[in-house]
Amino acid sequence: MFDLKEAVNGIKCYNGEPMTIMEVCGTHTAEIIKNGIPSLLSDKIKLVAGPGCPVCVTVGEYADRLVELSMQKGITVASFGDMLRVPGSKGSLKDASARGGSVLMLYSPLELLDIAEKNKDEIYVFAAVGFETTTPVYAVLIDEAIRRNINNIRLLTALKTMPAVIDYLCSQGGVDAFIAPGHVAVITGANAFLPAAEKYNLPFAVSGFSGAELVCSIYALTRLKGRGVVKNYYKNAVNAEENKKAKALVDKYFEPCSAAWRGIGVLENSAVALKKEYQRFDMGSRQIVEDFKLNPACACGEIILGRRAPKDCTLFGKVCTPETPQGSCMVSCEGTCYSCYTTERM
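Quick caveat: nothing in here was measured; it's all calculated off a predicted structure.

With that settled, the discussion passes to empty space enclosed by the protein. All chains considered together, the criterion is met by three cavities of 30 Å³ or more. Considered as a void within the structure, the largest cavity measures approximately 170 Å³ in volume. Taken together, 18 residues line the largest cavity, and the ones lying closest to its centre are Thr 157, Ala 158, Ala 259, Ser 285 and Ile 288. Contributions of two or more residues to the lining of the largest cavity are made by β6 (153-160), β10 (254-261) and β11 (265-274). Taken together, the residues of the lining of the largest cavity sort by class into 12 nonpolar, four polar and two charged.

The following block contains the structure:
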């Protein structure tokens, strides 16, 4: 890793060919804005946020399905807090709860085990949204449910995987380098990004989450422009190879499948879903392949792809705020619009 003073000076004084660097992690986006990193950059370096927030790339039909389930007698939908506010065409889970729907906010999917065991007449559906980082915990949930003979737990999955969307982003052009997602890389290993790096001759830097780590990773990418390599600058948490224990557990219960990404469409082999032999734990996840725009003025799709900035959206900061989100990018604390609004406007 570089000396911080050298890195700061390097990104301030960069005078090479203009380059666009995309971070593909919602936490990276939030930390970049929080630490004021854009203000340190030469005007020849442009940072854009990619589809790294799992809530932000989850399609509206998924939110609608959760709302429908929560309104059915004998079914409770459990979720993390940010998913409660994702708007669908029929409102959000938060709205459904206000209308009498059965909705439960949890901090961990594993909390559902004791709850379901004590209330065997109720079906509990967890909104399983995430990337490779969170998928192992859902495998643990199914593993424990089977071990404890708990038969009233279900998943509605939107568990995306990074390689397919990274390949898609590279194929679209316009990005010269990537800050690879550190949390995902803990599970996949840094080498997961090597096929795209070599195929498109683009550099990837696996970064930690402090301001200093991100500055050094950006500086590294300016020196690697035009090279198809992956550099790991988060070695205290990320290895070159995948986490074999986590992969084995995930592979036991899940298999690759196609999935819909908000703003992108359906990408083949870009997600995982429960295997056929475990379909009794699934609530129709593979049927969710449609996307739709809740508001034609909402620019979430373009923002997720790094083609537009939040302030380019006519709704941003006006009708679209964290209290009244019009799109998924304003819902999660990892969403680009949410990060820009709360850091720059408050």
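Time to look at helix α7 (residues 162-172). The set of residues buried in α7 consists of Met 162, Val 165, Ile 166, Tyr 168, Leu 169 and Cys 170. Gly 173 sits one or two residues past α7 and shows a positive phi near 75 degrees.

Below, the discussion takes up the environment of Leu 155. As for its placement among the helices and strands, Leu 155 is situated in strand β6. Linking Leu 155 and Val 331, residues 176 residues apart in sequence, is a C-alpha distance of 22 Å. Beyond its immediate stretch of four places on either side in the chain, Leu 155 contacts Val 125, Phe 126, Ala 128, Tyr 138, Leu 141, Ile 142, Phe 254, Leu 274, Phe 281, Asp 282, Met 283 and Ser 285.

Right, let's get into unusual backbone geometry. Of note, the phi angle at Asn 149 is positive, near 55 degrees, even though the residue is not glycine. With respect to the helices and strands, the residue Asn 149 is situated in the loop between α6 (135-147) and β6. The exposure class of Asn 149 is exposed, given its relative accessible area of 57%.

This part is about helix α11 (residues 244-253). Listing the buried residues of α11 in full gives Ala 246, Val 250 and Tyr 253. Summarising the axial view, the buried residues of α11 lie within an arc of 70 degrees, below the 170-degree limit, and thus occupy one face. The exposed set on the far side of α11, more than 90 degrees from its buried face, consists of Lys 244 and Lys 245. Regarding α11, its N-cap is Asn 243, as a side-chain oxygen of that residue lies 3.2 Å from the backbone nitrogen of Lys 245 further along.

Another aspect to go through is the sheet that holds β10. Read from one edge of the open sheet, six strands run β4-β3-β5-β6-β11-β10, paired in mixed fashion. Sheet topology places β4 (103-105) and β10 at the edges, where each strand pairs with a single neighbour. Each neighbouring strand pair of the sheet contributes to a mean axis angle of 30 degrees, computed without reference to strand direction. The sheet contacts of α6 involve β5 (123-130), β6, β10 and β11, and relative to β6 the element is tilted by about 160 degrees.

This part is about the pattern of salt bridges. If you walk through the whole model with that rule in mind, you get 11 salt bridges. Across the pair Asp 143 and Lys 252 runs a salt bridge, and its minimum N-O distance is 3.3 Å. Within this pair, whereas Asp 143 is found in helix α6, its partner Lys 252 is found in helix α11, the two being separated by 109 residues in sequence. One salt bridge in this structure joins Arg 307 and Glu 302, with 3.7 Å as the shortest N-O distance. Judged by relative accessible area, Glu 302 falls into the partly exposed class, the value being 33%. Linked through salt bridges whose partners overlap, the residues forming this network are Arg 65, Glu 68 and Lys 90.

Conventions used here
Residues numbered from 1 in each chain as written. Predicted model: local features only at pLDDT ≥ 70, side-chain atom pairs only at ≥ 80, totals over all residues. Heavy atoms only, no water. 1 Å grid on protein atoms, 1.4 Å probe; cavity = no way out; pocket = protein on both sides within 12 Å on 5 of 7 lines; lining within 4 Å. Points joined across faces, edges and corners; volume = space filled by probe spheres on them. Helix = DSSP H or I, 4+ residues; strand = E, 2+ residues; numbered from the N terminus. Nonpolar A, V, L, I, M, F, W, Y, C, P; charged D, E, K, R; others polar. Buried < 20%, exposed > 50% of the residue type's maximum accessible area, 1.4 Å probe, protein only. Contact = heavy atoms within 4.5 Å. Arc of directions from axis to C-beta. Polar contact = N/O pair within 3.5 Å; in protein donor to acceptor, adjacent residues only side chain to side chain. Pairing = 2+ DSSP bridges. Axes fitted to C-alpha atoms, helices over the stretch in contact; angles between N-to-C directions. Salt bridge = Lys/Arg side-chain N within 4 Å of Asp/Glu carboxyl O.

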